[in-house]
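What follows is the residue order along each chain.
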Amino acid sequence: AQPVVFGIHYGSSRQKFDGLHWYTVSFGTPVRDWGRWTLSHSVEAGRIEDKDGEGAALLSWGPGMRYHLPRSSGTLSFDFVVKPTYLTGRRFNGDDIGGRFHFSSHAGIGWHFDGVPLQVDVRYLHVSNAGTRSTNPGVNFAIAGLMLRF
């Protein structure tokens, strides 16, 4: 079985919402293993903040799939996650992000070194309301994370 993970993540956006930052702590637990595939769920809480320091709290929870590719000095993994996400605010850099309820989805790659309870990862994160409102600009982030495995 795969371990429970606790992590921190940081990232930023470089498009319409240039300078928008994503700061979170996360907690994930495996639900089921199928060989190299693991179904898990994760909870993420944190803050999304624009370049002027205006921001909102965020909370998300949802399922994810991870594919593990064992190597001689550790394990390479690929993550695919989609989570409902709630933001306490909706305006960043003077623009409306499209409401407070969104879906955050990411594709990521991580590395866990053998004998060390740490994992590093990088993610491409997309946050969007999935067309549930007329305003739906979507935001993309490049995210880096450090996780403790136990």
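As a starting point, this report considers the structure included with it. These figures come from a predicted structure and were not determined experimentally.

Considering the overall build of the protein
Right, so step 1: Assigned secondary structure in the protein consists of zero helices and ten strands.
Right, so step 2: The C-alpha radius of gyration of the protein comes to 16 Å, within 12% of the 15 Å expected for a compact globule of 150 residues.
Right, so step 3: Its C-alpha atoms give the protein principal-axis dimensions of roughly 50 × 25 × 20 Å.
Right, so step 4: Counting only residues that meet the buried cut, the protein has 43% of its 150 residues in that class.
Right, so step 5: Across the protein, contacts joining residues at least 24 apart in sequence account for 52% of those joining residues at least 6 apart.
Right, so step 6: With an accessible surface of roughly 7,600 Å², the protein has 62% of that area assigned to carbon and sulfur atoms.
Right, so step 7: Separation of charge centres in the protein, based on 15 positive and 12 negative side chains, amounts to 5 Å.

Quick notes on the environment of Asp121
Right, so step 1: With respect to the helices and strands, Asp121 occurs in strand β9 (residues 118–128).
Right, so step 2: When the C-alpha atoms of Asp121 and Gly35 are compared, they prove to be 21 Å apart, with 86 residues separating the residues in sequence.
Right, so step 3: Here His9 takes part through its side chain, which lies 3.3 Å from a polar atom of the side chain of Asp121.

Section: the nonpolar core
Right, so step 1: Within the largest apolar cluster, 14 residues are counted, with the highest numbers of intra-cluster contacts made by Leu20, Trp22, Ile48, Phe92 and Phe141.
Right, so step 2: Those elements that place two or more of their residues in this core are β4 (55–71), β9 and β10 (139–149).
Right, so step 3: Broken down by element, the residue count for this core peaks at three residues, all from β10.
Right, so step 4: Each residue touching Leu20, except ones within four places of it in the same chain, is listed here: Gly11, Ser12, Ser13, Ile48, Glu49, Asp50, Phe92, Val139 and Phe141.

Digging into unusual backbone geometry
Leaving glycine aside, a negative phi is the common case for residues, and trans is the common case for peptide bonds.
Right, so step 1: Phi angles above zero are rare outside glycine, and Asn93 is one such case at about 55°.
Right, so step 2: Locating Asn93 in the fold gives a position in the loop between β6 (91–92) and β7 (95–96).
Right, so step 3: Backbone geometry places Ala130, a non-glycine residue, at a positive phi of 60°.
Right, so step 4: On the secondary structure map, Ala130 appears in the loop between β9 and β10.

Brief notes about the pattern of salt bridges
Note on pairing: side chains with opposite charge can pair once their charged atoms come close.
Right, so step 1: Tallying each qualifying case throughout the model produces six salt bridges.
Right, so step 2: Notably, a salt bridge pairs Glu49 with Arg47, separated by 2.8 Å at the nearest N-O pair.
Right, so step 3: What makes Arg47 partly exposed here is its relative accessible area of 32%.

Looking at the pairing of β4
Successive side chains on a regular strand alternate, one facing one side of the sheet and the next facing the other.
Right, so step 1: With 13 bridges connecting them, strand β3 (residues 37–49) and β4 associate as antiparallel partners. Each bridged residue has a counterpart across the sheet, and for Val43 the counterpart in β4 is Trp61.
Right, so step 2: The turn linking β3 back onto β4 is made up of five residues, and Gly53 within it adopts a positive phi angle of 85°.
Right, so step 3: When β4 meets strand β5 (residues 74–87), the two strands line up antiparallel, connected through eleven bridges. Each bridged residue has a counterpart across the sheet, and for Leu69 the counterpart in β5 is Leu76.
Right, so step 4: Taking the residues between adjacent antiparallel strands as the criterion, β4 and β5 are bridged by two residues.

Details of the packing of aromatic side chains
Right, so step 1: Per the counting criterion, the structure on display carries five aromatic pairs.
Right, so step 2: An angle of 70° between the planes, with centres 5.7 Å apart, marks the rings of Trp111 and Phe113 as edge-to-face.

Parameters and conventions
Residues numbered from 1 in each chain as written. Predicted model: local features only at pLDDT ≥ 70, side-chain atom pairs only at ≥ 80, totals over all residues. Heavy atoms only, no water. Helix = DSSP H or I, 4+ residues; strand = E, 2+ residues; numbered from the N terminus. Rg over C-alpha atoms; globule rule 2.2 N^0.38 Å. Buried < 20%, exposed > 50% of the residue type's maximum accessible area, 1.4 Å probe, protein only. Contact = heavy atoms within 4.5 Å. Areas by Shrake-Rupley, 256 points an atom, 1.4 Å probe, with all protein chains shown as cover. Lys, Arg positive; Asp, Glu negative; His and termini not counted. Charge placed at Lys NZ, Arg CZ, Asp CG, Glu CD. Polar contact = N/O pair within 3.5 Å; in protein donor to acceptor, adjacent residues only side chain to side chain. Core = buried A, V, L, I, M, F, W, Y, C linked by side-chain atoms within 4.5 Å. Salt bridge = Lys/Arg side-chain N within 4 Å of Asp/Glu carboxyl O. Pairing = 2+ DSSP bridges. Phe/Tyr/Trp six-rings, centres within 6.5 Å; stacked < 30°, edge-to-face > 60°.

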